[in-house]
Amino acid sequence: MVEALLFAAAQPLSVQDLARRMPAGCDPAEALRRLRARHVGRGVELVRVGDAWAFRTAADLGFLMQEQVVETRRLSRAGTETLAIVAYHQPVTRAEIEEIRGVSVSRGTLDQLIEMGWVRLGRRRQTPGRPVTFVVTEAFLDHFGLASASDLPGLAELRAAGLLDSRAGAMPGLAPDPEDADSHADGPGDDLFGD
């Protein structure tokens, strides 16, 4: 039953989601453990996505799917920087994003990330004004193949992959985005990928 539910689901399902759909007395957590063991080394694997579970193509067979991957749209520089800040500093407020980037964040940038389903509103801070926070979603984790935000690459890994130049947080080859009125020539702040 768990295998059928996960196979047919459009999105990852949590243990609670599975338990609600199954007859009383069933143990979906034990079924997930057995299914995961059964699919080791096969074409599909049972993977954890945040607090939920889904079947995914085995990582070593991903090359077979390359022709079917379609990039629908690219994020602007402001969108990429904002998404990185939210991912690495969550939960984070708009003011904190602006402080890290060094420029104001247009409403459209956060709206686009929310519309894509990669960022959502978090809890309000218990500070004056009770600002809302932003956090990444399970769709973000799923898209990038992460079990949780703690699996994001660190500074050393980003440098090794050539995504950062000699300055701590500068990304090579990024020119100011003409669509981003708030972009600046110096790149994101040195603390973009800090602890």
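Just so it is clear, the structure is predicted and the values come from calculations on it, not from any experiment.

Draft legend 1. Expanded view of the packing of helix α4 (residues 77-89) against helix α6 (residues 107-115). Where α4 meets α6, the axes come as close as 9 Å, and the angle between the chain directions of the two elements is 65 degrees. The orientation of α4 with respect to α6, classified from their angle, is roughly perpendicular. The way α4 lies across α6 gives a crossing that is right-handed. Along its contact with α4, which presents A78, G79, T82 and L83, the element α6 presents T109, L110 and L113. In terms of residue class, the contact of α4 with α6 is made up of 4 nonpolar, 3 polar and no charged.

Draft legend 2. The arrangement of the environment of A31 in detail. Along the chain, A31 turns up in helix α3 (residues 28-38). According to the relative accessible area criterion, A31 is partly exposed, its value standing at 22%. Sequence separation between A31 and M1 is 30 residues, and the spatial gap between their C-alpha atoms is 8.8 Å.

Draft legend 3. Highlighting the sheet that holds strand β1 (residues 13-14). The strand order across the open sheet built from 3 strands is β1-β3-β2, with neighbouring strands paired in antiparallel fashion. The open sheet terminates on both sides in strands that have one partner only, identified here as β1 and β2 (44-49).

Draft legend 4. Representation of a nonpolar patch on the surface. A cluster of nonpolar side chains, contributed by F63, L64 and M65, occupies part of the molecular surface with about 290 Å² of accessible area. By secondary structure assignment, the location of M65 is in the loop between β3 (52-57) and α4. Residue M65 is classed as partly exposed on the basis of its relative accessible area of 31%.

Draft legend 5. Representation of the pattern of salt bridges in the model. Using the criterion set out here, one finds 10 salt bridges in the structure. A salt bridge links R34 to E30, with the nearest nitrogen and oxygen atoms 3.0 Å apart. With a gap of 4 residues between them, R34 and E30 both fall in helix α3, about one helical turn apart. Its relative accessible area of 25% is what places E30 among the partly exposed residues. Between R125 and E96 there is a salt bridge, with its nearest N and O atoms 2.7 Å apart. Note that R125 is positioned in the loop between β5 (119-124) and β6 (132-136) and E96 in helix α5 (residues 94-101), a separation of 29 residues in sequence. R125 gets classed as partly exposed once you look at its relative accessible area, which sits at 25%.

Draft legend 6. Quick peek at α3. Within the sequence span of α3, burial applies to P28, L32 and L35. Buried residues of α3, viewed axially, fall in a sector of 70 degrees; they line one side. Facing away from the buried side of α3, by more than 90 degrees, are the exposed residues R33, R34 and A37. Looking at the buried residues of α3, the elements they touch are α1 (2-8), α2 (15-21), β2 and β3.

Draft legend 7. Expanded view of the packing of aromatic side chains. Counted by the stated rule, this structure contains 3 aromatic pairs. Both rings, one in F140 and one in F144, keep their centres 4.9 Å apart while their planes meet at 50 degrees; by these two values the pair is tilted. Taken together, the aromatic side chains of W118, F140 and F144 make up a single cluster linked through ring pairs.

Analysis parameters
- Residues numbered from 1 in each chain as written.
- Predicted model: local features only at pLDDT ≥ 70, side-chain atom pairs only at ≥ 80, totals over all residues.
- Heavy atoms only, no water.
- Axes fitted to C-alpha atoms, helices over the stretch in contact; angles between N-to-C directions.
- Helix = DSSP H or I, 4+ residues; strand = E, 2+ residues; numbered from the N terminus.
- Parallel < 35°, antiparallel > 145°, perpendicular 65-115°, else oblique.
- Left-handed = near helix turned anticlockwise from the far one by under 90°.
- Contact = heavy atoms within 4.5 Å.
- Nonpolar A, V, L, I, M, F, W, Y, C, P; charged D, E, K, R; others polar.
- Buried < 20%, exposed > 50% of the residue type's maximum accessible area, 1.4 Å probe, protein only.
- Pairing = 2+ DSSP bridges.
- Patch = residues over 30% accessible without salt bridge, like charges linked within 9 Å, V, L, I, M, F, W, Y side chains within 5 Å.
- Areas by Shrake-Rupley, 256 points an atom, 1.4 Å probe, with all protein chains shown as cover.
- Salt bridge = Lys/Arg side-chain N within 4 Å of Asp/Glu carboxyl O.
- Arc of directions from axis to C-beta.
- Phe/Tyr/Trp six-rings, centres within 6.5 Å; stacked < 30°, edge-to-face > 60°.

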